[in-house]
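Next come the chains, spelled out residue by residue.
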Amino acid sequence: MDKKSGKMLNYRQLLRHPDYKKDWSLSSANEFGRLANGVGGRIKNPTNTIKFVRYEDIPKERRKDVTYGQFVCTVRPEKKEQNRTRFVVGGNKINYPGEVATPTAEMLVAKLLFNSVVSTPGAKFMTMDLSNFYLMTPLKRPEYIRMKMSDIPEEIILEYKLRDKISKEGSIYIMAIRGMYGLPQSGLLANELLEKRLNKNGYYQSKYIPGLWKHEWRPIQFTLVVDDFGVKYVGEEHAQHLKKALEKDYTVTTEWDGRRYIGITLDWDYERRRVHLSMPGYVSKALKQFQHEMPKVKQDAPYPSARIIYGAKKQYATEKSKAPLLNAKEKKFIQK
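Bear in mind that the values here come from a model prediction, so they are computed numbers and not experimental data. (Residues numbered from 1 in each chain as written. Predicted model: local features only at pLDDT ≥ 70, side-chain atom pairs only at ≥ 80, totals over all residues. Heavy atoms only, no water.)

What is the right way to read the pattern of salt bridges from this model?
Pairing of side chains with opposite charge becomes possible as their charged atoms draw close. One pass over the full model with this rule turns up 12 salt bridges. Between E143 and R62 there is a salt bridge; the shortest N-O distance is 2.9 Å. Placement of E143 in strand β5 (residues 138-148) and of R62 in the loop between β1 (50-53) and β2 (67-75) is noted, with a sequence separation of 81 residues between them. Judged by relative accessible area, E143 falls into the buried class, the value being 1%. (Salt bridge = Lys/Arg side-chain N within 4 Å of Asp/Glu carboxyl O. Helix = DSSP H or I, 4+ residues; strand = E, 2+ residues; numbered from the N terminus. Buried < 20%, exposed > 50% of the residue type's maximum accessible area, 1.4 Å probe, protein only.)

Okay, here's the thing in C-alpha coordinates:
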(Lines give C-alpha, C1' and ligand atoms only; values in the text may rest on other atoms or scores of the structure.)
Protein backbone atom coordinates (compact mmCIF):
# COMPACT_ATOMS: atom_id res chain seq x y z
CA MET A 1 0.00 0.00 0.00
CA ASP A 2 1.22 3.49 -0.89
CA LYS A 3 1.58 5.28 2.45
CA LYS A 4 0.61 8.63 0.94
CA SER A 5 -2.36 7.75 -1.25
CA GLY A 6 -3.55 4.52 0.42
CA LYS A 7 -3.71 2.80 -2.97
CA MET A 8 -2.62 -0.82 -3.34
CA LEU A 9 0.37 -1.08 -5.68
CA ASN A 10 1.16 -4.18 -7.70
CA TYR A 11 4.61 -5.45 -8.64
CA ARG A 12 4.98 -3.42 -11.82
CA GLN A 13 3.77 -0.24 -10.11
CA LEU A 14 6.24 -0.74 -7.27
CA LEU A 15 9.13 -1.08 -9.71
CA ARG A 16 8.16 2.20 -11.41
CA HIS A 17 7.57 4.15 -8.20
CA PRO A 18 10.56 6.31 -7.17
CA ASP A 19 9.97 5.67 -3.45
CA TYR A 20 9.76 1.86 -3.73
CA LYS A 21 11.73 0.83 -6.84
CA LYS A 22 15.05 0.16 -5.09
CA ASP A 23 13.63 -1.95 -2.22
CA TRP A 24 11.29 -4.04 -4.35
CA SER A 25 13.81 -4.59 -7.16
CA LEU A 26 16.11 -6.07 -4.54
CA SER A 27 13.26 -8.14 -3.09
CA SER A 28 12.28 -9.62 -6.47
CA ALA A 29 15.93 -10.33 -7.36
CA ASN A 30 16.29 -12.17 -4.04
CA GLU A 31 13.20 -14.22 -4.87
CA PHE A 32 14.68 -15.31 -8.20
CA GLY A 33 17.95 -16.03 -6.39
CA ARG A 34 16.17 -18.33 -3.92
CA LEU A 35 14.34 -20.09 -6.72
CA ALA A 36 17.34 -20.48 -9.01
CA ASN A 37 20.99 -20.68 -8.02
CA GLY A 38 21.53 -17.48 -6.03
CA VAL A 39 22.17 -13.86 -6.96
CA GLY A 40 25.01 -11.49 -6.08
CA GLY A 41 26.31 -13.90 -3.45
CA ARG A 42 23.43 -12.91 -1.11
CA ILE A 43 21.50 -16.17 -1.02
CA LYS A 44 23.14 -18.73 1.27
CA ASN A 45 21.05 -21.76 0.31
CA PRO A 46 19.46 -21.40 -3.14
CA THR A 47 16.89 -24.11 -3.85
CA ASN A 48 17.53 -24.83 -7.56
CA THR A 49 13.76 -24.91 -7.97
CA ILE A 50 13.80 -23.31 -11.43
CA LYS A 51 15.99 -23.24 -14.49
CA PHE A 52 15.88 -20.73 -17.32
CA VAL A 53 15.40 -22.53 -20.63
CA ARG A 54 14.83 -21.74 -24.29
CA TYR A 55 11.43 -22.37 -25.84
CA GLU A 56 13.00 -25.04 -28.04
CA ASP A 57 14.01 -26.97 -24.90
CA ILE A 58 10.36 -27.52 -23.88
CA PRO A 59 9.03 -30.92 -25.04
CA LYS A 60 6.46 -30.45 -27.81
CA GLU A 61 3.80 -32.39 -25.92
CA ARG A 62 4.13 -30.03 -22.93
CA ARG A 63 4.06 -26.70 -24.77
CA LYS A 64 0.28 -26.50 -24.48
CA ASP A 65 0.71 -26.61 -20.66
CA VAL A 66 2.98 -23.56 -20.45
CA THR A 67 1.51 -21.18 -17.86
CA TYR A 68 2.21 -17.65 -16.70
CA GLY A 69 3.96 -16.31 -13.61
CA GLN A 70 3.22 -13.24 -11.52
CA PHE A 71 4.71 -11.52 -8.48
CA VAL A 72 2.82 -11.04 -5.23
CA CYS A 73 4.30 -8.35 -2.99
CA THR A 74 3.48 -8.12 0.71
CA VAL A 75 4.94 -6.49 3.81
CA ARG A 76 5.35 -9.07 6.58
CA PRO A 77 6.57 -7.44 9.83
CA GLU A 78 6.96 -10.82 11.55
CA LYS A 79 9.37 -12.13 8.90
CA LYS A 80 13.13 -11.59 8.79
CA GLU A 81 12.84 -10.17 5.27
CA GLN A 82 9.85 -7.86 5.66
CA ASN A 83 9.44 -6.84 2.00
CA ARG A 84 8.28 -10.18 0.62
CA THR A 85 8.12 -10.81 -3.11
CA ARG A 86 6.76 -14.20 -4.09
CA PHE A 87 6.87 -15.56 -7.62
CA VAL A 88 3.53 -17.30 -8.05
CA VAL A 89 2.69 -19.70 -10.86
CA GLY A 90 -0.65 -19.43 -12.64
CA GLY A 91 -2.09 -22.67 -11.32
CA ASN A 92 -5.35 -22.30 -13.27
CA LYS A 93 -3.44 -23.12 -16.46
CA ILE A 94 -1.83 -26.29 -15.07
CA ASN A 95 -3.32 -29.57 -16.28
CA TYR A 96 -2.15 -31.77 -13.42
CA PRO A 97 -3.55 -35.32 -13.54
CA GLY A 98 -3.15 -36.22 -9.83
CA GLU A 99 -4.70 -35.25 -6.47
CA VAL A 100 -3.99 -31.68 -5.28
CA ALA A 101 -6.11 -31.04 -2.15
CA THR A 102 -3.89 -30.09 0.83
CA PRO A 103 -4.86 -30.53 4.52
CA THR A 104 -4.43 -27.24 6.38
CA ALA A 105 -5.71 -25.90 9.69
CA GLU A 106 -8.71 -23.56 9.58
CA MET A 107 -8.80 -20.35 11.61
CA LEU A 108 -11.24 -21.97 14.04
CA VAL A 109 -8.79 -24.81 14.76
CA ALA A 110 -6.01 -22.31 15.51
CA LYS A 111 -8.28 -20.39 17.88
CA LEU A 112 -9.26 -23.58 19.66
CA LEU A 113 -5.55 -24.32 20.13
CA PHE A 114 -5.05 -20.85 21.66
CA ASN A 115 -7.88 -21.59 24.07
CA SER A 116 -6.34 -24.98 24.87
CA VAL A 117 -3.04 -23.29 25.78
CA VAL A 118 -4.59 -21.05 28.44
CA SER A 119 -6.76 -23.94 29.65
CA THR A 120 -3.82 -26.31 30.24
CA PRO A 121 -1.68 -25.72 33.37
CA GLY A 122 1.94 -25.03 32.45
CA ALA A 123 1.28 -24.80 28.70
CA LYS A 124 2.88 -22.14 26.50
CA PHE A 125 2.70 -21.14 22.85
CA MET A 126 5.43 -20.48 20.27
CA THR A 127 5.67 -20.40 16.49
CA MET A 128 7.96 -21.92 13.89
CA ASP A 129 8.35 -21.07 10.23
CA LEU A 130 9.90 -23.27 7.55
CA SER A 131 11.86 -21.28 5.00
CA ASN A 132 11.24 -22.24 1.36
CA PHE A 133 8.89 -25.04 2.42
CA TYR A 134 7.33 -25.57 -1.01
CA LEU A 135 10.62 -25.01 -2.80
CA MET A 136 12.29 -28.02 -1.19
CA THR A 137 9.84 -30.61 -2.58
CA PRO A 138 10.65 -32.38 -5.89
CA LEU A 139 7.86 -32.41 -8.47
CA LYS A 140 6.74 -35.60 -10.15
CA ARG A 141 7.01 -33.83 -13.50
CA PRO A 142 8.46 -30.42 -14.50
CA GLU A 143 6.19 -27.45 -15.18
CA TYR A 144 6.88 -24.61 -17.61
CA ILE A 145 6.32 -20.87 -17.15
CA ARG A 146 6.48 -17.93 -19.54
CA MET A 147 7.46 -14.41 -18.38
CA LYS A 148 8.01 -11.04 -19.99
CA MET A 149 11.64 -9.98 -19.94
CA SER A 150 10.52 -6.57 -18.60
CA ASP A 151 9.23 -8.22 -15.40
CA ILE A 152 12.62 -9.68 -14.51
CA PRO A 153 15.11 -7.58 -12.48
CA GLU A 154 18.15 -6.38 -14.42
CA GLU A 155 20.45 -8.04 -11.88
CA ILE A 156 18.95 -11.45 -12.71
CA ILE A 157 19.06 -10.79 -16.47
CA LEU A 158 22.78 -10.08 -16.29
CA GLU A 159 23.76 -12.85 -13.88
CA TYR A 160 21.89 -15.57 -15.78
CA LYS A 161 22.59 -14.13 -19.28
CA LEU A 162 18.90 -14.17 -20.12
CA ARG A 163 19.24 -12.03 -23.23
CA ASP A 164 20.77 -15.11 -24.87
CA LYS A 165 17.58 -17.07 -24.10
CA ILE A 166 14.88 -14.57 -25.00
CA SER A 167 12.24 -15.83 -27.45
CA LYS A 168 11.08 -14.08 -30.64
CA GLU A 169 8.10 -12.54 -28.83
CA GLY A 170 10.29 -11.20 -26.02
CA SER A 171 9.57 -13.85 -23.40
CA ILE A 172 11.72 -15.89 -21.06
CA TYR A 173 10.79 -19.51 -20.32
CA ILE A 174 11.31 -21.18 -16.97
CA MET A 175 11.29 -24.86 -16.04
CA ALA A 176 10.19 -25.66 -12.47
CA ILE A 177 11.49 -28.95 -11.05
CA ARG A 178 10.50 -28.38 -7.41
CA GLY A 179 7.38 -27.11 -5.71
CA MET A 180 6.43 -23.45 -6.20
CA TYR A 181 3.73 -21.14 -4.93
CA GLY A 182 0.70 -21.40 -7.18
CA LEU A 183 1.32 -24.90 -8.50
CA PRO A 184 -1.78 -26.89 -7.52
CA GLN A 185 0.27 -29.98 -6.59
CA SER A 186 2.92 -28.15 -4.52
CA GLY A 187 1.03 -28.04 -1.24
CA LEU A 188 0.08 -31.69 -1.20
CA LEU A 189 3.53 -32.93 -2.25
CA ALA A 190 5.22 -30.77 0.40
CA ASN A 191 2.74 -31.86 3.05
CA GLU A 192 3.14 -35.56 2.21
CA LEU A 193 6.93 -35.29 2.44
CA LEU A 194 6.70 -33.40 5.74
CA GLU A 195 4.34 -36.02 7.14
CA LYS A 196 6.74 -38.85 6.27
CA ARG A 197 9.60 -37.04 7.98
CA LEU A 198 7.64 -36.15 11.10
CA ASN A 199 6.14 -39.63 11.42
CA LYS A 200 9.66 -40.96 11.93
CA ASN A 201 9.97 -38.69 14.96
CA GLY A 202 6.65 -39.69 16.54
CA TYR A 203 4.44 -36.88 15.19
CA TYR A 204 1.20 -37.59 13.39
CA GLN A 205 -1.64 -35.59 11.87
CA SER A 206 -5.21 -35.97 13.15
CA LYS A 207 -7.40 -38.24 11.03
CA TYR A 208 -10.41 -36.03 11.68
CA ILE A 209 -9.05 -32.46 11.91
CA PRO A 210 -6.84 -31.36 8.98
CA GLY A 211 -3.77 -29.40 10.02
CA LEU A 212 -3.81 -30.46 13.68
CA TRP A 213 -0.79 -32.51 14.78
CA LYS A 214 0.21 -34.37 17.95
CA HIS A 215 3.05 -36.51 19.26
CA GLU A 216 2.71 -40.14 20.31
CA TRP A 217 3.47 -39.32 23.96
CA ARG A 218 4.99 -35.85 24.31
CA PRO A 219 2.70 -33.06 25.67
CA ILE A 220 2.82 -31.06 22.45
CA GLN A 221 0.31 -30.11 19.74
CA PHE A 222 0.55 -27.79 16.78
CA THR A 223 -1.48 -26.42 13.91
CA LEU A 224 0.06 -26.13 10.46
CA VAL A 225 -1.01 -23.44 7.98
CA VAL A 226 1.12 -23.74 4.84
CA ASP A 227 4.60 -23.43 6.44
CA ASP A 228 3.63 -21.77 9.74
CA PHE A 229 3.55 -23.87 12.91
CA GLY A 230 1.56 -22.70 15.94
CA VAL A 231 2.90 -24.86 18.78
CA LYS A 232 1.35 -25.60 22.20
CA TYR A 233 3.81 -27.30 24.56
CA VAL A 234 4.21 -28.18 28.23
CA GLY A 235 7.97 -28.09 28.84
CA GLU A 236 10.42 -26.36 26.50
CA GLU A 237 12.31 -29.60 25.87
CA HIS A 238 9.35 -30.92 23.87
CA ALA A 239 9.23 -27.85 21.63
CA GLN A 240 12.99 -28.23 21.14
CA HIS A 241 12.42 -31.84 20.08
CA LEU A 242 10.05 -30.70 17.32
CA LYS A 243 12.48 -27.97 16.26
CA LYS A 244 15.39 -30.42 15.98
CA ALA A 245 13.23 -32.90 14.06
CA LEU A 246 12.38 -30.21 11.50
CA GLU A 247 15.93 -28.90 11.27
CA LYS A 248 17.08 -32.22 9.86
CA ASP A 249 15.47 -31.24 6.54
CA TYR A 250 14.40 -27.58 6.73
CA THR A 251 15.62 -24.14 7.77
CA VAL A 252 13.53 -23.26 10.84
CA THR A 253 12.83 -19.81 12.27
CA THR A 254 11.36 -19.68 15.79
CA GLU A 255 9.49 -17.06 17.81
CA TRP A 256 9.38 -18.21 21.42
CA ASP A 257 7.08 -15.41 22.57
CA GLY A 258 4.40 -16.61 20.14
CA ARG A 259 3.13 -13.08 19.62
CA ARG A 260 2.14 -13.38 15.94
CA TYR A 261 0.52 -16.25 14.09
CA ILE A 262 -1.35 -16.30 10.74
CA GLY A 263 -1.79 -12.53 10.85
CA ILE A 264 -3.10 -12.39 14.43
CA THR A 265 -1.27 -10.63 17.27
CA LEU A 266 -1.42 -12.63 20.50
CA ASP A 267 -0.97 -11.06 23.93
CA TRP A 268 -0.33 -13.97 26.32
CA ASP A 269 -1.00 -13.74 30.05
CA TYR A 270 -0.03 -17.18 31.32
CA GLU A 271 -0.39 -16.29 35.01
CA ARG A 272 -4.05 -15.37 34.65
CA ARG A 273 -4.45 -17.90 31.84
CA ARG A 274 -5.71 -15.43 29.26
CA VAL A 275 -4.84 -14.52 25.70
CA HIS A 276 -5.99 -11.43 23.83
CA LEU A 277 -6.27 -11.61 20.03
CA SER A 278 -6.01 -8.50 17.89
CA MET A 279 -5.03 -7.21 14.46
CA PRO A 280 -3.48 -3.78 15.13
CA GLY A 281 -3.87 -1.29 12.30
CA TYR A 282 -6.29 -3.51 10.35
CA VAL A 283 -9.22 -1.07 10.43
CA SER A 284 -7.17 2.08 9.81
CA LYS A 285 -5.39 0.36 6.91
CA ALA A 286 -8.71 -0.73 5.39
CA LEU A 287 -10.18 2.79 5.76
CA LYS A 288 -7.19 4.22 3.93
CA GLN A 289 -7.21 1.51 1.26
CA PHE A 290 -10.89 2.06 0.41
CA GLN A 291 -10.65 5.86 0.72
CA HIS A 292 -13.40 5.90 3.35
CA GLU A 293 -13.91 9.25 5.03
CA MET A 294 -15.04 9.34 8.64
CA PRO A 295 -18.75 10.34 8.72
CA LYS A 296 -19.69 13.49 10.62
CA VAL A 297 -22.60 11.68 12.29
CA LYS A 298 -22.03 8.35 14.04
CA GLN A 299 -23.05 5.46 11.79
CA ASP A 300 -23.26 1.90 13.13
CA ALA A 301 -24.31 0.20 9.90
CA PRO A 302 -23.00 0.35 6.32
CA TYR A 303 -26.39 1.61 5.04
CA PRO A 304 -29.55 3.19 6.56
CA SER A 305 -31.94 0.68 8.08
CA ALA A 306 -35.69 0.71 7.61
CA ARG A 307 -37.30 3.05 10.11
CA ILE A 308 -39.31 1.32 12.83
CA ILE A 309 -42.83 2.73 13.21
CA TYR A 310 -43.79 2.03 16.81
CA GLY A 311 -47.44 1.15 17.42
CA ALA A 312 -48.10 0.12 13.84
CA LYS A 313 -49.62 -3.35 13.40
CA LYS A 314 -47.69 -3.93 10.17
CA GLN A 315 -44.14 -3.06 9.25
CA TYR A 316 -43.76 -2.80 5.48
CA ALA A 317 -40.56 -3.50 3.65
CA THR A 318 -38.86 -0.59 1.97
CA GLU A 319 -39.34 -0.12 -1.75
CA LYS A 320 -36.97 -1.90 -4.05
CA SER A 321 -33.90 0.18 -4.79
CA LYS A 322 -33.87 1.96 -8.12
CA ALA A 323 -30.11 2.41 -8.08
CA PRO A 324 -28.35 1.15 -11.24
CA LEU A 325 -26.56 -2.19 -11.14
CA LEU A 326 -22.84 -2.09 -10.41
CA ASN A 327 -20.35 -2.58 -13.20
CA ALA A 328 -17.56 -5.16 -12.95
CA LYS A 329 -15.08 -2.74 -11.34
CA GLU A 330 -17.58 -1.52 -8.72
CA LYS A 331 -18.67 -5.07 -7.95
CA LYS A 332 -15.06 -6.11 -7.33
CA PHE A 333 -14.60 -3.11 -5.01
CA ILE A 334 -17.60 -4.20 -2.91
CA GLN A 335 -16.35 -7.81 -2.81
CA LYS A 336 -13.04 -6.65 -1.32
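Where do I start with the environment of K140 in this structure?
Looking at where K140 falls in the secondary structure, it is placed in strand β5. Between the alpha carbons of K140 and I177 there is a distance of 8.2 Å; along the sequence they are 37 residues apart. Excluding anything up to four places from it in sequence, K140 contacts Y96 and L189. (Contact = heavy atoms within 4.5 Å.)

What exactly am I supposed to notice about the packing of aromatic side chains here?
Aromatic ring pairs: the centre-centre distance and the angle between the two ring planes describe each pair. In total, this model carries 17 aromatic pairs according to the counting rule given. Geometrically, the ring pair formed by F71 and F87 is tilted, given 5.3 Å between the ring centres and 40° between the ring planes. With F71 in strand β2 and F87 in strand β3 (residues 83-89), this residue pair connects regions lying 16 residues apart in the sequence. By way of ring pairs, the aromatic residues F32, F52, F71, F87 and Y160 are connected into one cluster. The positively charged end of R63 is found above the aromatic ring belonging to Y55, 4.7 Å away from the centroid. (Phe/Tyr/Trp six-rings, centres within 6.5 Å; stacked < 30°, edge-to-face > 60°. Lys NZ or Arg CZ within 6 Å of the ring centre and 35° of its normal.)

Explanation requested: the sheet that holds strand β12 (residues 260-261) in the structure shown.
Working definition: the strands of a sheet are paired by backbone hydrogen bonds and lie parallel or antiparallel to each other. The antiparallel open sheet is built from three strands, whose spatial order is β12-β13-β14. Across the chains shown, the open sheet's two edge strands, defined by having one partner strand only, are β12 and β14 (274-278). Judged from the five bridges that link them, strand β13 (residues 264-269) and β14 form a sheet pairing that is antiparallel. For D267, the partnering residue across the bridge sits in β14 and is H276. (Pairing = 2+ DSSP bridges.)

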